Structure formats: structure tokens, C-alpha cells
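Structural overview
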Amino acid sequence: MLIPLRHENMQGRRWPVITFGIIALNVIIFLGTHATIESQGVDLGHIKIHLVLLAAMHPELKIPEKAQEFVTSIQTKNAALWKEAKRENRDVFDAWDARIRLQDDTDVLQREMDSLGVSYAELSSASILNKYAFIPAHPTLLGVVGGNFLHGGWLHLIGNMWFLWLAGAILEDTWGRLIYPAFYLIAGILAFQVHAMVNVGSFTPTLGASGAIAGLMGAFLVRFPTTKIEMGYLFFYRLHRFKMAAYWLLPLWLVTEIFYGSVFGQSSGVAHWAHVGGFAFGALIAVAVQKSGLEQMAEKGIQERISWVSHPLLAEASEQMEKGQLDMAATGLQKLLLEKPDSIDAYRMLQRIYWQKNDLPAQRDALVKLLGLEIKANDHEGALQTCQDFRNAGGEMLPASLWLEFCRQLETQPDVSRAADEYLELAQAYPAEKQGLLAQMAAGRIYLKRLNRPADALRLYEAAQASSIPHADWQATLDRGIAEARKVMQTEVSPASPVS
């Protein structure tokens, strides 16, 4: 299974607040609806199966109007299921099916049909999916919009939100906070229309943001065709990586969706044609946004808002990168860094250029300098991403002093185990350096004070005490740490005192 990991334009000029907002809205709606949708689906599913079985076994019965619509859709859209339901020697589905097979009283059977019809109408009207998902047989404005924010499960949600982040954040940075959300909604609505054209009269609810996100992918192809996307795949429990330009990868994905849609249709449980429609409309709308001048207007507005922090050489380098003039862009950024050596934006752009040129040593050098500036600016998220980029670029050891500062910054985050692990890596990488010893002591302190692992803390403190690195200034700290770790361990193993 191929998974997109990142692309070379991950850093934008402003925080992608609209993308964050869309992701948050999807997650909140999922948390508020998922359990109800699952329980409603089970109840309504049984009613639907019983309706189909009874209608197939007794065509002489009168089916209530709303239930008749559903039965007719099964007859016309799922002939194999209808044929199986009519087969006299088919397997018994459940206890209800066994009981109905033994019944030959027409009045009793009609009352059962009427009861099923009433239950179907009640459950359908109360169903979240019937209200807010997109149903081709009777589309509503609420369904065509709301369906973009409903998801069928955690994997469905997480997969869609990851693709939304990868494609959406850079498009928001390019189009601004008005065009981008309008584009997103329009792409989702049009994707549902393509799905309805292929599945005319279907009563199956369609939900998920994948049609809108496919639109973002189509726009990404138009707007950033040469951008390299880093992909990953698991092989023998190991993650392997490779890069592929958008103009190869995204059309290949589109062809795959067309193939699956043609071969499997809706039976796969995936709305492949909605993906195809969203992608195609997204690409067309992106061309229209470019040609109409809307993108230029949006860019002018964005530049006016960020001009107080932007630099002409940054804007020039950005344009050169889009045109593929990487060496010229790098020269301009290096000139800017002579003037402003603490420019985080310049280093972010410069490392992307080196990544695109596959000059990993130069990229690692730029990332090291960028990490130092982000730590100084207390940009925790930026520092985490930069450290990950450094490792993705083949970096194994940060400079000891910088690595120690990064570890200390990690200690301010909720997950202190990450800081402890990072301290240990630093200690192992620099066993003969002062920073390695300090990292060992810091990991011991975290294990003792915050993770309740006194045995691990004692092991680290004793190793630090035995180090050949001069540590007279920290001897008192080591002695105190060893004593506290031993005391905690003794407390944990001591039997409880008897009650008199």
C-alpha cells in the first residue's frame, strides 16, 4: 500500500487556518455521529433485508409507498441480490426468515409487510445518513453539503484528513482564505453529482470528504505539476521511500480510480467515480481560477497582509522555484541570508530547494541552521518538523549543543517520553562529550520524576557517575538522583506493615 508522506512545498507563508478548521470540523462531526450512525445502520439494515426477502417471496403483497421505492431500487440496481432473495432453496438468513417461510396466511404476511414498511419509514426519517449523507435517488441541499463532512470509520476519516492536509494547506497558501474554502465545497458538490450520474436512482448513502479532496488533488496537479511527492510503502515490515513528481503520480492515481470504478463500480464500497469527478472538476476549476485573474488578486491580497514580514528576495525566490529555476532561487536566498542571517523563511525555502535538487548534505546543513532558529524562536511545531525532515534527509547526529537544546524544548511538551528517548539518542551519539553526559542525567531525571521508572533512572545515574567525562560540578546532583531512585525502588518492593 502506497502512502504519501510529504511533498516539497509543505511550508507555507501563513498558518493554514482554513485547512485546520475543516479538519477540526470533520473530526468533531465524526465524534458526534459515529456511534449513532453505526447503531442506526444495524437496525435499518435488518429491516431492509427483511423487506427484500418478504417482497421477493410474496410478490402478491402490497408494499407501503416508501418501502416500495427501496425494493424497486434493489430490483433495478442489484439484480443478483434480488435473484438470490427469490430463490426457493436459498439458505435461511435468520430466525425471522425461518418463521416467515412457514407462514402461508396472506393476511398475516400483509400485516408483517405493513409493519416492516412502518419501521422502515420511521428508521429512515430518523437516520443521520438519510438526512445528511448524499443519496442519488433523492438528493437534497443538506445531503450534498453535509455528506462532505460525514465519515464511516476511523480509517476513512484519518485517510481523508491526511490527504486534505497534504493538498489543502499549500492551496490555501496559494489561493487565500476565500477562494480555497469555496473551491473545496464546490469540488465536493460536483463530485457527488458525478457519482449520482453513474448510480442513477441509488438509495445507498454516500459520505466522506474524498470527492472534495480529489478536487484538491486535481488542483494540485494543475498548480504544482513538478512538485515532488515523497511516497512510502511497507515491505517486510520496513518503510521504504521514493519521490515522484506530481505530473506522474496524480494521473496514475486517477487512472487507478477509473479502472476500479469501471470494474467494480459501487460494489467495492468506494465511490470511485466521485473521486474521478472531483479530480476532473478540481483541475478544471484550478485552470479557471488561474486564467480569470482570481489567483493573481488573491496573491496580491496575501502579499499585502504579509509584506511587513516578507522580503522581496523571498518573493523572487518563490517565483523562481515555481519556474524550476532552483539555482537562481538558491543564490537569491543566500544573498538574503547575508543580510538577515536569522531568517527562518529563507532557510525553510533553501532546504526545500536542496531537497528538490536531491542535494541531501546541503539540505541537512540548512535544516540544522533552521532548527537552531526555530528553537530560539520557541517554535515547537516547526522544530519538530525540521528535526523529522533532517532524519528523512539521512541525518543521524545533530550537533551536540543544538541537540541538547532541542531535547530541553521537547521536555515542555505533554509527551515527555519523547524527550527521554531523544536524550538517550544524544547520549549514545556523544558518549565522550559533556552534552552526552548531561543528556544521560536528564533522561534519568525524567524516568524518576515523571515516568515512574526508578530502575531505569538508577541505571542512567550510575552510568553517568562512572563516566570518564569530568563531572565534579554535577556530582551532588548524581548522588541525590541515585539516592532518590533507590528509595523509590525500596518503597515499591517493601511489604505493607501489619495492622495492629
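Details of the overall build of the protein
Along its length, the protein carries 22 helices and 3 strands. For the protein, the C-alpha radius of gyration of 30 Å lies well beyond 23 Å, the compact-globule estimate for 500 residues. Each principal axis of the C-alpha atoms in the protein carries an extent, and together these give about 95 × 85 × 40 Å. For the protein, the residues scored as buried account for 46% of the 500 residues in total. Sequence separation of at least 24 residues holds for 68% of the intrachain contacts in the protein that already meet a minimum separation of 6. For the protein, the exposed surface amounts to about 26200 Å²; the carbon and sulfur share of it is 60%. With 45 positive and 51 negative side-chain charges, the protein shows a spacing of 4 Å between the two charge centroids.

Some words on the sheet that holds strand S2 (residues 228–235)
On the basis of which strands lie adjacent, the open sheet formed by 3 strands has the order S1-S2-S3 and antiparallel pairing. Each end of this open sheet is capped by a strand with a single partner; those strands are strand S1 (2–7) and strand S3 (238–245). Direction aside, the axes of adjacent strands within the sheet are offset by 30° on average. Bridge count between S2 and S3: 8 bridges; the pairing is antiparallel.

A closer look at the pattern of salt bridges
For the structure shown, the criterion picks out 19 salt bridges. Between glutamate 172 and arginine 177 there is a salt bridge; the shortest N-O distance is 3.7 Å. Accessibility expressed as a relative area gives 2% for glutamate 172, which makes it buried. Its salt-bridge partner being glutamate 230, residue arginine 241 comes within 3.0 Å of it at the nearest N-O pair. Of this pair, arginine 241 sits in strand S3 while glutamate 230 sits in strand S2, and the two are 11 residues apart along the sequence. Several salt bridges share partner residues, and in doing so they unite Arg391, Arg418, Glu422 and Glu425 into one network.

Some thoughts on the packing of aromatic side chains
With the rule as written, the count across this model stands at 12 aromatic pairs. Here phenylalanine 30 and tryptophan 154 contribute two aromatic rings whose centre-to-centre distance is 4.8 Å and whose plane-to-plane angle is 70°, an arrangement assigned as edge-to-face. In this pair, phenylalanine 30 is assigned in helix H1 (residues 17–57) and tryptophan 154 in helix H8 (residues 154–198), connecting sequence segments 124 residues apart. Under the relative-accessibility criterion, phenylalanine 30 is labelled buried at 2%. Both rings, one in phenylalanine 220 and one in phenylalanine 224, keep their centres 5.4 Å apart while their planes meet at 55°; by these two values the pair is tilted. Note on accessibility: phenylalanine 220 and phenylalanine 224 belong to one class, buried. Connected via pairs of aromatic rings, a cluster forms that spans Trp15, Phe20 and Trp165. Arginine 6 extends its terminal NZ or CZ atom over the ring of tryptophan 355, reaching a point 5.1 Å from the ring centre.

Topic: helix H14 (residues 326–339)
Its 14 residues place the ends of H14 20 Å apart at the C-alpha level, agreeing with the 20 Å of an ideal helix rising 1.5 Å per residue. Within the sequence span of H14, burial applies to Leu326, Ala329, Ala330, Gly332, Leu333, Leu336 and Leu337. End-on view of H14: buried residues confined to an arc of 165°, all on one side of the axis. Relative to its buried face, H14 has exposed residues pointing more than 90 degrees away, namely Asp327, Lys335, Leu338 and Glu339. Of the surrounding elements, those touching the buried residues of H14 are helix H13 (312–322) and helix H15 (344–357).

Brief notes about the side chain of serine 73
Looking at the secondary structure, you find serine 73 in helix H2 (residues 65–77). The class of serine 73 is buried, set by a relative accessible area of 8%. Excluding residues that lie within four positions of it along the chain, serine 73 makes contacts with Asn78, Gly201 and Phe203.

Section: the confidence of the model for the protein
Parts of the prediction with low pLDDT should not have their coordinates interpreted in detail. Of all residues in the protein, 96% have pLDDT values of 70 or greater, and the mean over the chain is 88. Taken element by element, the predicted model of the protein shows its lowest mean pLDDT in helix H12 (residues 294–306) (74) and its highest in helix H18 (residues 400–410) (95).

A closer look at the nonpolar core
Counting residues in each nonpolar core, the largest one holds 63 residues, and the members touching the most others are Leu333, Phe406 and Tyr423. Sort the elements by how many residues they give to this core and helix H20 (residues 434–449) lands first, with 9 residues. Setting aside its immediate chain neighbours within four residues, tyrosine 423 contacts Leu404, Cys407, Arg408, Glu411, Ala439, Ala442, Ala443, Arg445 and Ile446. Grouped together as the second largest cluster of nonpolar side chains are 36 residues, Tyr184, Ala214, Leu216 and Leu249 included.

What about the packing of H1 against helix H5 (residues 106–126)?
H5 packs onto H1 with a crossing angle of 145° between their chain directions and a minimal axis gap of 10 Å. Crossing geometry of H1 relative to H5 is assigned as left-handed. Contact with H1, carried on its side by Gln40, Asp43, Leu44, Ile47, Lys48, His50, Leu51, Leu54 and Ala55, involves Leu109, Glu112, Met113, Leu116, Gly117, Ser119, Tyr120, Leu123, Ser124 and Ala126 of H5 and no other residues of that element. In the contact of H1 with H5, the residues fall into 11 nonpolar, 5 polar and 3 charged.

Quick look at unusual backbone geometry
Of note, the phi angle at asparagine 358 is positive, near 65°, even though the residue is not glycine. Take asparagine 358: it is sitting in the loop between H15 and helix H16 (360–376). Judged by its relative accessible area of 51%, asparagine 358 falls in the exposed class.

Re the packing of H1 against H2
Contact pair H1 / H2: the axes reach a minimum separation of 10 Å and the direction vectors enclose 75°. With respect to H2, the axis of H1 lies roughly perpendicular. For the pair H1 and H2, the contacting residues are Lys48, Leu51, Val52 and Ala55 in the first and Ala67, Phe70, Val71 and Ile74 in the second.

A closer look at the environment of isoleucine 29
Position of isoleucine 29 among the secondary structure elements: in helix H1. Judged by relative accessible area, isoleucine 29 falls into the partly exposed class, the value being 26%. Those residues in contact with isoleucine 29 that lie beyond four places of it in its chain are Phe149 and Leu150.

Calculation rules
Residues numbered from 1 in each chain as written. Predicted model: local features only at pLDDT ≥ 70, side-chain atom pairs only at ≥ 80, totals over all residues. Heavy atoms only, no water. Helix = DSSP H or I, 4+ residues; strand = E, 2+ residues; numbered from the N terminus. Rg over C-alpha atoms; globule rule 2.2 N^0.38 Å. Buried < 20%, exposed > 50% of the residue type's maximum accessible area, 1.4 Å probe, protein only. Contact = heavy atoms within 4.5 Å. Areas by Shrake-Rupley, 256 points an atom, 1.4 Å probe, with all protein chains shown as cover. Lys, Arg positive; Asp, Glu negative; His and termini not counted. Charge placed at Lys NZ, Arg CZ, Asp CG, Glu CD. Pairing = 2+ DSSP bridges. Axes fitted to C-alpha atoms, helices over the stretch in contact; angles between N-to-C directions. Salt bridge = Lys/Arg side-chain N within 4 Å of Asp/Glu carboxyl O. Phe/Tyr/Trp six-rings, centres within 6.5 Å; stacked < 30°, edge-to-face > 60°. Lys NZ or Arg CZ within 6 Å of the ring centre and 35° of its normal. Expected span 1.5 Å × (residues − 1). Arc of directions from axis to C-beta. pLDDT = per-residue confidence, 0-100. Core = buried A, V, L, I, M, F, W, Y, C linked by side-chain atoms within 4.5 Å. Left-handed = near helix turned anticlockwise from the far one by under 90°. Nonpolar A, V, L, I, M, F, W, Y, C, P; charged D, E, K, R; others polar. Parallel < 35°, antiparallel > 145°, perpendicular 65-115°, else oblique.

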